[in-house]
Amino acid sequence: MPPTPPITDLEQLKGHPAVARLRGWNSQAVQGVKFDREEMTIYVRRSAIREAAALLRDDPACPFNFLSDITCVDWYPSEPRFEVIYHLLSIPKKERVRLKVKLDSGSPAVESLTPVWPGANYFEREVFDLFGIRFTGHPYLRRIMMPEDWEGYPLRKDYPVEGYR
Amino acid sequence: MAHLAPTPVLEPGQDRTMILNMGPQHPSTHGVLRVLLEIDGETVVRLMPDIGYLHTGIEKTCEAKFYQQVVPLTDRIDYLCPLTNNLCYVLAVEKLLGLEIPPKAQWLRVLLNELTRINSHLVWLGTHAMDIGAMTVFLYCFREREEILKMFEMVAGQRMMTSYFRVGGIALEPPLGFFDRVRDFAGYFPEKVDEYENLLTENPIWGMRTKGVAFLSAEDAIALGATGPTLRASGIDIDLRRDTPYSSYEKFQFKVPVAKEGDVFARYICRVQELRESIGIVRQALDGMPEGPIKADAPHVVLPDREKMKTQMESLIYHFKIITEGFQVPAGEVYQAVESPRGEMGYYIVSDGTAKPYRVHMRSACFANLQTLAKMCEGKLIADVVAAIGSIDIVLGEIDR
């Protein structure tokens, strides 16, 4: 059974509470949307992510008040190379939404979400450790899984599975 | 992880405080957790967990495997609930593929998942009680756990690393006598839970060590990303089995235990109640077990039966193709979350249309729950750190991956 193609048209999805809220705040914040396999993805402009997250958290109608997860995908060698992915959950409404920020390979950095959710701390440290993404404003951005003196970022696609020998 | 450079060194302030290193080989850290404590006498001023000692790069390894080869890797993340991890992974891949799973396979998955939950909670209860000083409960819990492990061995051939679920269904039919054995267990298990409760719930020493200890407010629990019993014991009523049902959980009746106190005792009560609810789900699954196939009708994904493989040409070809080239998964991404014994276990899988996952990320419940530890312990007594670590039920394999 082939999957139904994803909906990427912003006009069709503007009724979604998170999309409507973000566009109502700043029409430039949302770069794109995708509705695929019953999951909502919103591409957010890099500079807007922290405020967007705080806005969604405090939405009175449908508060996405819980940060489930932060991770990253490396699309090497295409540009923009990195996608930082945030999974939010609305505990009252039991809804999920995925925020994405695209980053170039030059010096990938994005604002930290720790002021919004202190629980972002470990997730961002993990992404920093394994992908080398910097989170500006993070209180303690150091390696968490790998040894302190490890060279390279193991989950990047140009890092061999066996490691450097 | 810090065996070469001295990582998070807490600066001791003006000779009043000292730094105490706890772990990674400390018996009450449930694995290789290292905790740095800054203490002022008996009081914890600051606490900092240091993890990574078990990091094996499973997420990277997954990218080099076919989809079906990832299943055994998922067991090894959390060795106390391998079947929950299997389930979460296969659900995610099935969502990417758009596969329909036959009802019997779904119900078997529910049945085995709840047994896994009981298994995991029994290990938690035993070790947690032993940390605090109640030795007997440990032996009682492991008695029942042994029975569950024997059931796992019956179906999967393995006691711990089960790898029993497959993308598209279940590996094998359960053997004869399995359901009778589970029914037998479901019959006597509630009495055993009474036994544990007789030893602990009303016990004044247990109460003194747990009530009002390691308090976590609901706001802090949400802000720090806590899930599972750790969150529910702080008064937030959320359970993914009920709220975002998967694998037919919507057809089962069960209560979600919630407590308001937010202390170690509340977490204990939540988990013990979950033991009772889980055995209820097991009983419902046994009574309502549908008939029918245990694998989806998708020959390009599901390995054919052994018999068919020996008699039918196409089956042999499919078998050969799946083993040698894997199966292709349409491009896309999914995030699938399930309620593991410790909280929200999530798999985020990105497919680029080939037979190997482009990216597999595991959202581990313990990893986020561990962040609450500092909040629970700072300003409290050092002896309560042990109770707090036990109460969030950490498994370091899952934290470090």
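Here the structure is shown first, and the text comes after it.
These numbers were taken from a predicted model, which means no experiment stands behind them.

Parameters and conventions
- Residues numbered from 1 in each chain as written.
- Chains lettered and ligands numbered in written order.
- Predicted model: local features only at pLDDT ≥ 70, side-chain atom pairs only at ≥ 80, totals over all residues.
- Pairing = 2+ DSSP bridges.
- Helix = DSSP H or I, 4+ residues; strand = E, 2+ residues; numbered from the N terminus.
- Axes fitted to C-alpha atoms, helices over the stretch in contact; angles between N-to-C directions.
- Contact = placed C-beta atoms within 7 Å.

Undergrad: Help me get a handle on the pairing of strand 2 (residues 39-44) of chain A, residues and values and all.
TA: Consecutive side chains along a regular strand alternate between the two faces of the sheet. Residue and element names in this part refer to chain A. As paired strands, strand 1 (residues 30-36) and strand 2 are joined by six bridges and run antiparallel to one another. Among the inter-strand pairings, V33 is bridged to a residue of strand 2, identified as I42. Linking strand 1 back to strand 2 in an antiparallel pair, the connection comprises two residues, with R37 at a positive phi of about 50 degrees. In the sheet, strand 2 pairs with strand 5 (residues 95-103) via three bridges, with the strands oriented parallel. Pairing of I42 across the sheet is with L99, part of strand 5.

Undergrad: Which residues make up the sheet that holds strand 1 (residues 18-22) of chain B, and what values do they have?
TA: Residues and elements named next belong to chain B. Read across the open sheet, the three strands follow the order 1-2-3; overall the sheet is antiparallel. The open sheet has two edge strands, strand 1 and strand 3 (43-50), and neither has a second partner. Within this sheet the neighbouring strands show an average axis-to-axis angle of 20 degrees, counted without direction.

Undergrad: Give a description of the environment of I118 of chain B that names residues and reports values.
TA: Within the secondary structure layout, I118 of chain B lies in helix 4 (residues 103-132). Separated by 161 residues in sequence, I118 of chain B and I279 of chain B place their C-alpha atoms 7.8 Å apart.

Undergrad: Before we move on, can you summarise the sheet that holds strand 3 (residues 66-74) of chain A with the specific residues and values?
TA: All names here are of chain A. Read from one edge to the other, the open sheet built from five strands follows the order 1-2-5-4-3, with strand pairing classed as mixed. Edge positions in the open sheet fall to strand 1 and strand 3, since each of these has one partner strand only. Each neighbouring strand pair of the sheet contributes to a mean axis angle of 20 degrees, computed without reference to strand direction. Contacts between helix 3 (residues 49-57) and the sheet are confined to strand 2, strand 4 (82-90) and strand 5, with strand 5 contributing the most and set at about 175 degrees to the helix.

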